[in-house]
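Remarks on the overall topology
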Amino acid sequence: MKVINTAQAPAPVGPYNQAIAANGFLFTAGQIALDPQTMTIVGDGNVEAQAKQVLTNLGAVLQEAGCGWENVVKTTVFLKDMNNFAAVNAIYGQYFDEAIAPARSCVEVARLPKDVLVEIDCIAVLPT
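Below, the structure is looked at part by part. Quick caveat, the model's predicted, so the values are computed rather than measured.

Parameters at a glance
Residues numbered from 1 in each chain as written. Predicted model: local features only at pLDDT ≥ 70, side-chain atom pairs only at ≥ 80, totals over all residues. Heavy atoms only, no water. Pairing = 2+ DSSP bridges. Helix = DSSP H or I, 4+ residues; strand = E, 2+ residues; numbered from the N terminus. Axes fitted to C-alpha atoms, helices over the stretch in contact; angles between N-to-C directions. Contact = heavy atoms within 4.5 Å. Salt bridge = Lys/Arg side-chain N within 4 Å of Asp/Glu carboxyl O. Buried < 20%, exposed > 50% of the residue type's maximum accessible area, 1.4 Å probe, protein only.

Remarks on the sheet that holds strand β3 (residues 25–28)
Taken together, six strands build an open sheet; the order of strands is β1-β2-β3-β6-β4-β5 and the sheet is mixed. The two strands at the open ends of the sheet, each matched to only one other strand, are β1 (2–4) and β5 (103–108). Taken over all neighbouring pairs, the strand axes of this sheet differ in orientation by 15 degrees on average, direction set aside. Sheet topology places β1 next to strand β2 (residues 19–22); three bridges connect them, and they run antiparallel. The residue of β2 that forms the bridge with Val3 is Ile20. Of the strands in this sheet, β1, β2, β3, β4 (72–79) and β6 (118–125) touch helix α1 (residues 47–64), which is tilted by about 25 degrees from β6. Packing of helix α2 (residues 85–92) onto the sheet brings it into contact with β4, β5 and β6, and relative to β4 it is tilted by some 150 degrees.

What to know about the pattern of salt bridges
This model, assessed by the stated rule, comprises one salt bridge. Across the salt bridge formed by Arg111 and Asp115, the nearest N and O atoms sit 2.6 Å from each other. A relative accessible area of 62% places Arg111 in the exposed class. With a relative accessible area of 47%, Asp115 lands in the partly exposed category.

This is the structure in structure tokens:
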């Protein structure tokens, strides 16, 4: 097991790491729309801006582990409001090649950390 952390993504706000590499896979913590430098929310009230920041943060964690979007095999998207599905999906689709897009779950939740609108985590296959 190897701990993965990068200054290019927000520091954990609790007793966890940004990701763990284990048994050929990378398991990321959920990323929210925090600016990694200021630790403030990006795009307050704007789900598209938040989705972009979330995916930027997730991409930084993947890169630190030596992975790219093509290595991702599963994502989970947590939405504050399922009415934002289409808007988040449009941003999400910019990061994944549809032909090899990962499996995905998307759920509406009552509340997310720091009252953000979207959170995403993923599992990726580590390159050999």
